[in-house]
Amino acid sequence: MLPDALKRLVHELKKLPGVGPRGAERIALWLITDGVGVSSALSDALSAAVEEVGFCPVCGTLTRKGEQCPMYTDPSRDKTRICVVEGPLDAVAIERSGVFDGTYHVLGGVLSPLEGVTPDDIRIPDLIKRVKDDSVVEVIIATNPSAEGDVTANYIADELRSYGIGVTRLARGLPTGGLIDYADSDTIEKALENRIKL
Ligand SMILES: [Zn+2]
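In this numbering scheme, every chain counts its residues from 1 along its sequence in written order. For a predicted model such as this one, the threshold for reporting local features is a pLDDT of at least 70, and the threshold for listing and counting side-chain atom pairs is 80 or more; totals across whole chains, interfaces and linings nevertheless cover every residue. Only hydrogens and water are set aside when side-chain values are computed; all heavy atoms of the structure are taken into account.

Peer 1: Explain helix 7 (residues 147–160) to me, using residue names and the numbers behind them.
Peer 2: Between its first and last C-alpha, helix 7 extends 20 Å over 14 residues, near the 20 Å set by a 1.5 Å rise per residue. Think of it in three bands: with a 1.4 Å probe and only protein chains considered, a residue is buried below 20% of the maximum accessible area for its type, exposed above 50%, and partly exposed in between. Counting from the N terminus, the helices are the DSSP runs of H or I reaching at least four residues and the strands are the DSSP runs of E reaching at least two. Buried within helix 7 we find Gly-149, Thr-152, Ala-153, Ile-156, Ala-157 and Leu-160. The arc enclosing the buried residues of helix 7, seen along the axis, measures out at 130 degrees, which places them on a common side. Residues are treated as being in contact if the distance between any of their heavy atoms lies within 4.5 Å. Contacts made by the buried residues of helix 7 are with strand 3 (81–85), helix 6 (124–133), strand 5 (138–142) and strand 6 (166–169). Expected span of a helix: the number of residues minus one, times 1.5 Å. Think of it as the arc spanned by the lines of direction from the helix axis to the C-beta atoms.

This is the structure we're talking about:
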């Protein structure tokens, strides 16, 4: 029914998170009709983002490809405090709240024995190296309040116990199963202020 090029566009759009087959058709049609101006800007922005955006080799946060992130290179930020998050957007959400002046460590996932995710898969060895290299005094664990998030937080706390540093976790201001990258700044600010010792 659809011309080949449109079929191809629908096929690719269907792969986006949250886009089903009907939605993909509607978006595809809009992009080549009413949204044709947006289409070319979108295609440029997409190429540029894929080309230029990378992950900080130290923190795992989003930054320019091949560069350390501004949060880590800014001399006014406190490198002795690390906030550990699951994904790069969690760091963005916490940064938006404006109450944390330390640095971040993105795990890139959570421990999951069922899915075979081990500490080595989620940058925990890198975290331990940073704790030693940057004379870290506090690690604030901001994994999501889920079963895997809890397991990951406890594992990290156990691993860091021998280093004699403070290990805290965000307070339960967030609803259980809630996602940090969807939380508003006030909620994040309160969760950080009321962080609990592990
Ligand atoms: Zn960084």
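Peer 1: So, the coordination of the zinc ion: which residues are in play, and what are the values?
Peer 2: For a metal with four donors in a tetrahedral arrangement, the ideal angle between donors is 109.5 degrees, while six donors in an octahedron ideally sit at 90 or 180 degrees. For Na, K and Ca the donor cut-off is 3.2 Å, while for other metals it is 2.8 Å, and in both cases only N, O and S atoms qualify; water is not among them, so sites may look incomplete. Looking at the zinc ion, the protein donor atoms are Cys-56 (SG), Cys-59 (SG) and Cys-69 (SG), and they sit 2.2 Å from it. Positions of the donor residues of the zinc ion, expressed as sequence spacing, correspond to C-x2-C-x9-C. Within this pair, whereas Cys-59 is found in the loop between strand 1 (53–55) and strand 2 (62–64), its partner Cys-69 is found in the loop between strand 2 and helix 4 (70–73), the two being separated by 10 residues in sequence. When its relative accessible area of 0% is taken as the criterion, Cys-59 is described as buried. Residue classification places Cys-69 among the buried residues on the basis of a relative accessible area of 0%.

Peer 1: Requested: an account of the packing of helix 1 (residues 4–13) against helix 2 (residues 21–32), with residues and values cited.
Peer 2: Look at helix 1 against helix 2: their axes get within 9 Å of each other, and the N-to-C directions meet at 125 degrees. The pairing of helix 1 with helix 2 is recorded here as oblique in orientation. Between helix 1 and helix 2 the crossing geometry is right-handed. Where helix 1 approaches helix 2, its residues Leu-6, Leu-9, Val-10 and Leu-13 are matched on the opposing element by Ala-24, Glu-25, Ile-27, Ala-28, Leu-31 and Ile-32. Gly is put with the polar residues, along with every residue not named as nonpolar or charged; the nonpolar set is Ala, Val, Leu, Ile, Met, Phe, Trp, Tyr, Cys and Pro, and the charged set is Asp, Glu, Lys and Arg. Residue composition of the contact of helix 1 with helix 2, grouped by class: nine nonpolar, no polar and one charged. Helix axes are fitted to C-alpha atoms over the stretch in contact, other axes to C-alpha atoms as well, and angles between N-to-C directions run from 0 to 180 degrees. Oblique is the label for any angle not covered by the other classes, which are roughly parallel (under 35 degrees), roughly antiparallel (over 145) and roughly perpendicular (65 to 115). The sense of a crossing depends on the near helix, which, turned anticlockwise from the far helix by less than a right angle, makes the crossing left-handed and, turned clockwise, makes it right-handed.

Peer 1: Now, about the sheet that holds strand 5: what can you tell me, with residues and values included?
Peer 2: A pair of strands is treated as paired once DSSP finds two or more bridges between them. Strand order across the open sheet formed by five strands is 4-3-5-6-7, with mixed pairing between neighbours. Looking at which strands have only one partner, the edges of the open sheet turn out to be strand 4 (103–106) and strand 7 (196–197). As paired strands, strand 6 and strand 7 are joined by two bridges and run antiparallel to one another. Its bridge partner lying in strand 7, Arg-169 is registered against Ile-196. Contacts from helix 7 reach strand 3, strand 5 and strand 6 within the one sheet, and its direction differs from that of strand 6 by about 170 degrees.

Peer 1: Could you give me a rundown of the domain arrangement of the protein, with the residues and numbers involved?
Peer 2: Delimitation of the domains relies on an automatic or database domain assignment. Its domain assignment divides the protein into domain 1 (4–53) and domain 2 (67–197). The straight-line distance from the C-alpha centre of domain 1 to that of domain 2 is 34 Å.

Peer 1: Report on the pattern of salt bridges, specifying residues and quantitative values.
Peer 2: Should a side-chain nitrogen of Lys or Arg be within 4 Å of a carboxyl oxygen of Asp or Glu, the pair is scored as a salt bridge. Enumeration according to the criterion identifies 12 salt bridges in this entry. With its nearest N and O atoms 2.7 Å apart, the salt bridge here joins Arg-169 to Asp-150. One end of the pair, Arg-169, is in strand 6; the other, Asp-150, is in helix 7, with 19 residues separating them in the sequence. Taking the relative accessible area as the measure of exposure, Arg-169 reaches 8% and is therefore buried.

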